[in-house]
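Geometric and topological summary
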Amino acid sequence: MSEEMDRRVKFDIVMLSPQARGLTAGQTEDHVRMRNLDSGLEWIWPRQKFLNRKFAMQEMFEDFKEGENWQLPDEQDPFTETPDAEVYIGTSNLSLESLAYHMALEIALNITDYRDRKIGVLNVTLLPCNENGSPYTVEQDKFVDDPADLLNQDLHFTLKIASISGLPPQYADMYVQYTMFFENESNRSAVISDTSASELNFSKQFSFMPLTKEVLEYLSTGALLLQVWGKQRPPKDGSLHKSKNTKQMIKSELMVLASAAPNEPIKKTVDIAKVTSQMKMHVTEKKLARLEEKMAQFRKMIEMAEKNQKPRIHVKILWDVLRAPTPEVADQVMTLIPFDNILGK
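The structure presented is a predicted model; accordingly, all values stated were derived computationally and were not measured. Here the residue index of a chain counts from 1 through its sequence in written order. Selection of residues for local features in this predicted model requires a pLDDT of at least 70, selection of side-chain atom pairs for listing and counting requires 80 or more, and totals for whole chains, interfaces and linings are taken over all residues. Only hydrogens and water are removed before side-chain values are computed, so all heavy atoms of the structure are retained for them.

1. Here's the deal with the overall build of the protein chain
Just so we agree on the cut-off: Under the scheme used here, helices are H or I runs from DSSP no shorter than 4 residues and strands are E runs no shorter than 2 residues, and both carry numbers assigned from the N terminus. The quantity called the radius of gyration is restricted to C-alpha atoms. Its globule counterpart is 2.2 Å times the number of residues to the power 0.38. Any pair of residues with heavy atoms lying within 4.5 Å of one another is described as a contacting pair. Each accessible area value is a Shrake-Rupley result obtained with a 1.4 Å probe; residue values ignore everything except the protein chains displayed when judging cover.
When helices and strands are counted, the protein chain shows eight helices and 12 strands. Its C-alpha radius of gyration of 29 Å places the protein chain more than 25% over the 20 Å reference for a compact globule of 345 residues. Counting only contacts in the protein chain whose residues sit at least 6 apart along the sequence, the fraction spanning at least 24 positions is 70%. Entry remark: accessible area of the protein chain is about 20,100 Å², with carbon and sulfur atoms responsible for 52%.

And the structure:
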């Protein structure tokens, strides 16, 4: 119908993953893409919306064949979409596993479209903090070797979305939104006017008091979907195919596709796997550093016991040094060795 009436749009069936629809789980569903052949802009419609439009298209087509006045104003035309319609641009998958170890994470996440292709970058930080929102210092490091150690403890952290970059220039009025575990409403950043203004500086603190087993499981294995939405604007130079009608434009596209390399691989991203791999590496490095730190503390403790002629070290002191959150706390515990008469000579 679009070709016969020269409506200058093309329709295709596309398959959307749950993540492309803002869901963390589910099945892939078919949607319909309407693409304007003049501007190159496109809109993704759910199946039911397309069917509703199709009925109106068929009525318009019948009037066209019978020679009646078939043209409608844009707001009633089923072959058009309002310029102010918000469109889904892409999604970033943020692993929350660092929080299960009480670790900070600063990362540049790929933004992928419904084709699972990288179209931009989102700069994000997860930052454990105290109840007032102040981040912990190096001296206050609260890293845990086992996430289970956080159970029934209060957990506070801040999610910061600093900036967005690399998006195609046809997008405008963009924002990021997400829904944290147990939230009923989405969190939404401020709107940035175009792709050249990339600073978002969107920050929100979250608190789980106390941290339950269900939430800990979510942090350890789940991912937060950061969705990028916006509007489209046509190219400044107008139509891409001013001298061709709809049928000619579609034919030209098919010829281009036919001449393309048949086995050229589609470049996709596996962002969540990359983040998980990086997270495991960071946790391993942190555990090794903690182990070396504890070994150094135990050597220091033995040297202090020998210097003070203490053949034995009380079990409580051993445990307190082992559990000390920082070297400073461990040193404070070890000052008891020379003065504890229980240890004996």
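Next, the rest of the story.
2. A few points about the sheet that holds strand β2 (residues 29-36)
The following threshold applies: If DSSP finds at least two bridges between two strands, the strands pair. A fitted line through C-alpha atoms represents every axis, and for helices the fit uses only the stretch in contact; the resulting angles, taken between N-to-C directions, go from 0 to 180 degrees.
Pairing within the open sheet is antiparallel, and its three strands lie in the order β1-β2-β3. Of all the strands in the sheet, just β1 (9-16) and β3 (42-45) have a single pairing partner and so form its edges. Each adjacent strand pair in this sheet contributes to an overall mean axis angle of 25 degrees, direction not counted. Looking at chain direction, β2 and β3 are connected through four bridges and run antiparallel. Each bridged residue has a counterpart across the sheet, and for Arg-33 the counterpart in β3 is Ile-44. Sheet strands touched by helix α2 (residues 47-65): β1, β2 and β3. Its angle to β3, the strand with the most contacts, is close to 105 degrees.

3. With respect to the environment of Tyr-114
Note the cut-off: Pairs of N or O atoms are called polar contacts if they sit within 3.5 Å, as long as, within protein, a hydrogen donor faces a hydrogen acceptor (for residues adjacent in sequence, only side-chain-to-side-chain pairs).
Tracing the chain through its elements places Tyr-114 in the loop between β5 (105-112) and β6 (118-128). The spatial distance from the C-alpha of Tyr-114 to the C-alpha of Glu-62 is 34 Å, given a sequence separation of 52 residues. Apart from residues lying up to four places away in sequence, Tyr-114 is in contact with Val-14, Met-15, Leu-16, Ala-20, Arg-33, Glu-42, Ile-44 and Tyr-88. A polar contact of 3.3 Å, which involves the side chain of Tyr-114, links it to the side chain of Arg-33.

4. Describing the pattern of salt bridges
Put simply, the rule is: Salt bridge, as used here, is a side-chain nitrogen of Lys or Arg placed within 4 Å of a carboxyl oxygen of Asp or Glu. Relative accessibility thresholds used throughout: buried, under 20% of the residue-type maximum; exposed, over 50%; partly exposed, between the two (1.4 Å probe, protein chains only).
Scanning the entire structure with this criterion turns up 19 salt bridges. Asp-6 serves as the salt-bridge partner of Arg-8, at 3.7 Å between the closest nitrogen and oxygen. For Arg-8, a relative accessible area of 16% corresponds to the buried category. Salt-bridge contacts for Arg-53 lead to Glu-81; the nearest nitrogen and oxygen are separated by 3.5 Å. Of this pair, Arg-53 sits in helix α2 while Glu-81 sits in the loop between α2 and β4 (87-95); the two residues are 28 residues apart in sequence, bridging distant segments of the chain. Residue Arg-53 is classed as buried on the basis of its relative accessible area of 17%. Several salt bridges converge on common partners, so that one network encompasses Lys-10, Asp-12, Arg-33, Glu-42, Asp-113 and Arg-115.

5. Quick notes on the confidence of the model for the protein chain
Our working definition: pLDDT is defined as a per-residue confidence score from the predictor, taking values between 0 and 100.
Taken over all residues, the pLDDT of the protein chain has a mean of 85, while the share at 70 or more is 90%. Mean pLDDT in the protein chain bottoms out at helix α5 (residues 246-259), which sits at 78, and peaks at strand β7 (residues 155-165), which reaches 95. The low-confidence segment residues 263-270, where pLDDT is below 50, has nine contacts with residues more than four positions distant or belonging to other chains.

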